[in-house]
Amino acid sequence: ETTMSTALTIRQQIAPRPGVVYSTDPRSLAFAKGSLFSFPLHSTAYEADAATIRIPAGVKLRLHAVSVDIKELREFVKTSSAHGVCLKFSSEENGEMLAVWTYDKDRSDDVFQTGLGIEVEGPRMVRLAAVVDRGFKKGSALNVNVFGSVRKGDF
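Residues numbered from 1 in each chain as written. Predicted model: local features only at pLDDT ≥ 70, side-chain atom pairs only at ≥ 80, totals over all residues. Heavy atoms only, no water.

1. Quick look at unusual backbone geometry
Under the convention used in this document: Under the DSSP-based scheme used, a helix requires at least four consecutive residues in state H or I and a strand at least two consecutive residues in state E, with every element numbered from the N terminus.
Pro 123 follows Gly 122 through a cis peptide bond whose omega is 5°. Its location among the elements puts Pro 123 in the loop between strand E9 (118–121) and strand E10 (124–132).

Here it is in structure tokens:
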């Protein structure tokens, strides 16, 4: 059994689209059991650009917190017509992207949220996305930072 087959992997790429200046190279990381999970999700107007997380058997992903960088956020709000960003999650059992946390520039007090309490045990594929308003075509990128831990599974 190789270390990579027991590692949790996450990958995200923003696809090039006509009229949208923003696309990216793939971003991917691997996390072994016992490691802190941290990943900067690229914000996107398209749920199809969600990051895919592969959780192998015997491994559990726990998502604890989410944050945005205040300087990045100010620049993003200034250069785009977007009002904020929404962290969304979907699983194999429910493919619909459901909102976990929303940052709204006019309503949110904090640029972070702790205590998310999402736990997923492998083998599973789940998706995470940082979705901004449809109006987002240009402007500076915004990362949504997701934190958690990669643990030994219970089963």
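After that view, the rundown keeps rolling.
2. Overview of the environment of Asn 94
As a reminder of what qualifies: When a residue's accessible area, from a 1.4 Å probe over protein chains only, is under 20% of the maximum for its type it is buried; when over 50% it is exposed; and in between it is partly exposed. As used in this structure description, the phrase polar contact means that two N or O atoms lie within 3.5 Å; if the pair is within protein, one of them must be able to donate a hydrogen and the other to accept it, and residues adjacent in sequence are counted only when both atoms belong to side chains.
Along the chain, Asn 94 falls in the loop between strand E6 (84–91) and strand E7 (98–104). Given a relative accessible area of 33%, Asn 94 falls into the partly exposed group. Residues Asn 94 and Arg 27, 67 residues apart in the sequence, show an inter-C-alpha distance of 25 Å. Here the side chain of Asn 94 touches Glu 96 through a polar contact of 3.0 Å, landing on its backbone nitrogen.

3. Considerations on the packing of aromatic side chains
For the record, the criterion: Note on aromatic contacts: the rings of Phe and Tyr and the six-membered ring of Trp form a pair at centre separations within 6.5 Å, being stacked when their planes are under 30 degrees apart, edge-to-face when over 60 apart, and tilted otherwise.
Tallying each qualifying case throughout the model produces 2 aromatic pairs. Between Phe 31 and Phe 37 the ring centres are 4.8 Å apart and the planes differ by 50°, which places this aromatic pair in the tilted class. This pair shows no difference in class: Phe 31 is buried, exactly as Phe 37 is. When the centroid spacing of 6.4 Å and the interplanar angle of 40° are considered together, the rings of Trp 101 and Tyr 103 count as tilted. On the basis of relative accessible area, Trp 101 is assigned to the buried category, the value being 8%. The class of Tyr 103 is buried, set by a relative accessible area of 8%.

Purely spatial values, then, with no claim about function.
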